[in-house]
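Structure assessment
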Amino acid sequence: MKVKLENLSHDLADIIVAWDENPNADYSYGGTRMVSPETSLIESQEICEHLMWAESLLKNKLINAALREGALDHYSERLPEGFLESTVGGARCVIRPKDQSIMDILVQPNHQDWEPTISPIFESIGSFLNQKQGKIKLTPDFGRFAGLADVLNLFTPHSLGIACDKGGCGGKSSYSATGIIAAIEILGLDQRQAGRVTLIGAAGAMGGDVLKYLQHENYQNLAVCDLAYDDINSGITPPENLLTCSSKSGTFTVDCLERGGLIVATTVGQELENSFWEIIPKGSTLLLAHNRAVPAGEVGKQLMQRIQERDIFALPGQVLTLGGALTSRVEWFWRQNNLGVPFDKQLAHLVVADVVKFLVTKIQRLAKSSSTTPYESMLQYVGMESLMAPLTTVR
């Protein structure tokens, strides 16, 4: 598969956009990530390509397949015209600020220079999306604050995740959390409230919503972990009534993994491959609810096989966190068919839950019948076994 990649020249940041150029898709869609100025341009491009391919495209292919198999036909009277028949490809955007001072501004929405800095960057992205005439749509979703999509929407209609009163779905994290919760329920893990549950990334936007669910459902042996809890400058403290495990950037800590039971990771990605996962007790369930959960290529396939050999059920992040991509798709067709009508968030959460439950069940059955891991079965289901092969990039 070929990946199209383009660098947008700007004084404030290097902007990289990757997409699959699928001629049969209604459009290609993905999120946006900001990387450190210390990240090389080549590495930034590789991150953009990988996220487009292994996250955005794979998630949209899972959604495409679920729609084709009728997972949401029972909502046909409530969903906007064109949605159930839609096909969406993959896209991604990476923003690399030119220096640390610019990045320091971009991560602080209350900074006096935030708007004058973010606006010209988004104007450049918006101009590019307009030139592509809607074949690429993006959600700017980096940082712990809302409103980024609305800023991009000032320059292009092809920004998804805009405010609900404008017909948009708002932020994506709550919908992704709904997907994680749906997986917990369809796997029957909600019947094990007395068992050990560890939530890694509990202070994040998505992790916070999952934490609220676990607390509401009275999980009795719940532990939390987050880098923010161990950062004295964050101002974020863990819930007083819960066990707090230590955290470490880029890896899952031993005291998190050795608890076993249900481990839910709503983190940045690439932690598993750098962790002593061998200490996870047999019979545990690992929900890798984050991007870049599994290494690319044969390395990732073998890692998932070794984990399964230890009787650990590991579900990859793409099927767990596709709620944002799915809801953004509902948003686009909603905005075309329901002009002036606020977005139906309740319907969107129901849609996400049903699609994730459908896909988890499908992947479970495929894995069992073919004696493969859920990761391999997920790729086989959408015809992306090529995820094990290197990319071919057209610049």
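For the structure, check the block above.
Residues numbered from 1 in each chain as written. Predicted model: local features only at pLDDT ≥ 70, side-chain atom pairs only at ≥ 80, totals over all residues. Heavy atoms only, no water.

In this structure, L62, L72, L79, F83, L272, M304 and V319 are the most contacted members of the largest nonpolar core, which totals 105 residues. In terms of residue count, helix 1 (residues 41-68) provides more of this core than any other element does, twelve residues in total. Excluding residues that lie within four positions of it along the chain, M304 makes contacts with L272, L288, V294, A314, T373 and Y375. Grouped together as the second largest cluster of nonpolar side chains are 25 residues, I15, W19, I118 and F122 included. (Core = buried A, V, L, I, M, F, W, Y, C linked by side-chain atoms within 4.5 Å. Buried < 20%, exposed > 50% of the residue type's maximum accessible area, 1.4 Å probe, protein only. Helix = DSSP H or I, 4+ residues; strand = E, 2+ residues; numbered from the N terminus. Contact = heavy atoms within 4.5 Å.)

A few words now on the sheet that holds strand 10 (residues 285-288). Across the sheet, six strands lie side by side as 8-7-6-9-10-11; this open sheet has parallel pairing. The strands lining the two open edges of the sheet, one partner per strand, are strand 8 (243-244) and strand 11 (313-315). This element, helix 6 (residues 205-216), spans strand 6 (196-200) and strand 7 (221-225) of the sheet and lies at about 160 degrees to strand 6. (Pairing = 2+ DSSP bridges. Axes fitted to C-alpha atoms, helices over the stretch in contact; angles between N-to-C directions.)

Our focus in this paragraph is the side chain of E331. For E331, the position within the fold is in helix 10 (residues 323-337). Apart from residues no more than four positions distant in its own chain, E331 is found in contact with S159, L160, G161, I162, G167, G168, C169 and F343.

What follows concerns the side chain of T253. Secondary-structure assignment places T253 in the loop between strand 8 and helix 7 (254-257). Here T253 falls in the buried class, since its relative accessible area comes to 11%. In this structure the side chain of T253 is engaged in a polar contact, spanning 2.7 Å, whose partner is the backbone oxygen of S246. Only 2.8 Å separates the side chain of T253 from the side chain of D255, close enough to count as a polar contact. Residues in contact with T253, not counting those within four places in the same chain, are S246, S247 and K248. (Polar contact = N/O pair within 3.5 Å; in protein donor to acceptor, adjacent residues only side chain to side chain.)

Further remarks concern helix 12 (residues 374-381). Among the eight residues that make up helix 12, seven are buried, leaving the element largely enclosed by the rest of the structure. Restricting attention to buried positions, one finds in helix 12 the residues P374, Y375, E376, S377, M378, L379 and Y381. On its buried face, helix 12 is in contact with helix 1, helix 8 (297-309), strand 11, helix 9 (317-320) and helix 11 (345-370). A positive backbone phi angle near 65 degrees is found at G383, which sits one or two residues after helix 12.

Right, let's get into the state of the cysteines. Enumeration over the complete set of coordinates arrives at zero disulfides. For C164, which is in no disulfide, the shortest distance to another cysteine sulfur is to C169 and amounts to 6.9 Å. Of the residues examined, C164 reaches a relative accessible area of 22% and is grouped as partly exposed. In this structure C225 is not part of a disulfide, and its nearest cysteine sulfur, from C256, lies 3.7 Å away. We classify C225 as buried; its relative accessible area is 3%. (Disulfide = S-S within 2.5 Å.)

Tracing the chain through its elements places L262 in strand 9 (residues 262-265). For L262, a relative accessible area of 5% translates into the label buried. With 67 residues separating them along the chain, L262 and G195 place their C-alpha atoms 7.8 Å apart. Dropping the residues within four chain positions of it, L262 is found in contact with I184, L189, R196, V197, T198, T285 and L287.

In this section: unusual backbone geometry. Even without a glycine there, the phi angle at N218 is positive, about 60 degrees. Its location among the elements puts N218 in the loop between helix 6 and strand 7. Not every positive phi belongs to a glycine, and Q270 is a case in point at roughly 70 degrees. On the secondary structure map, Q270 appears in the loop between strand 9 and strand 10. For Q270, a relative accessible area of 32% puts it in the partly exposed group.

Our focus in this paragraph is the packing of aromatic side chains. Given two aromatic rings, one states the distance between the centres and the angle between the planes to describe the pair. Tallying each qualifying case throughout the model produces five aromatic pairs. Their ring planes at 50 degrees and their centres at 6.5 Å tell us that Y213 and Y219 sit as a pair that is tilted. Note on Y219: relative accessible area 7%, which makes it buried. Directly above the ring of Y27 sits K137, whose terminal nitrogen or CZ lies 5.0 Å from the centroid. In this structure, K137 packs its charged tip against the face of W332, placed 3.6 Å from the ring centre. (Phe/Tyr/Trp six-rings, centres within 6.5 Å; stacked < 30°, edge-to-face > 60°. Lys NZ or Arg CZ within 6 Å of the ring centre and 35° of its normal.)

Turning our eyes to something else, we now look at the packing of helix 1 against helix 12. Close contact between helix 1 and helix 12 brings their axes to 10 Å; oriented N to C, the two are set at 65 degrees. Of the possible angle classes, the one that applies to helix 1 and helix 12 is roughly perpendicular. For the pair helix 1 and helix 12, the sense of crossing is left-handed. Mapping the contact onto sequence places L58, L62, A65 and A66 in helix 1 and M378, L379 and Y381 in helix 12. (Parallel < 35°, antiparallel > 145°, perpendicular 65-115°, else oblique. Left-handed = near helix turned anticlockwise from the far one by under 90°.)

Below, the discussion takes up the pattern of salt bridges. Applying the stated criterion across every chain, the model contains eight salt bridges. A salt bridge links R306 to E278, with the nearest nitrogen and oxygen atoms 3.7 Å apart. Taken together, the positions of R306 in helix 8 and E278 in the loop between strand 9 and strand 10 put the pair 28 residues apart, joining distant regions of the chain. The exposure class of R306 is partly exposed, given its relative accessible area of 42%. Taken together, the salt bridges that share partners define one network made up of D14, R96 and K98. (Salt bridge = Lys/Arg side-chain N within 4 Å of Asp/Glu carboxyl O.)

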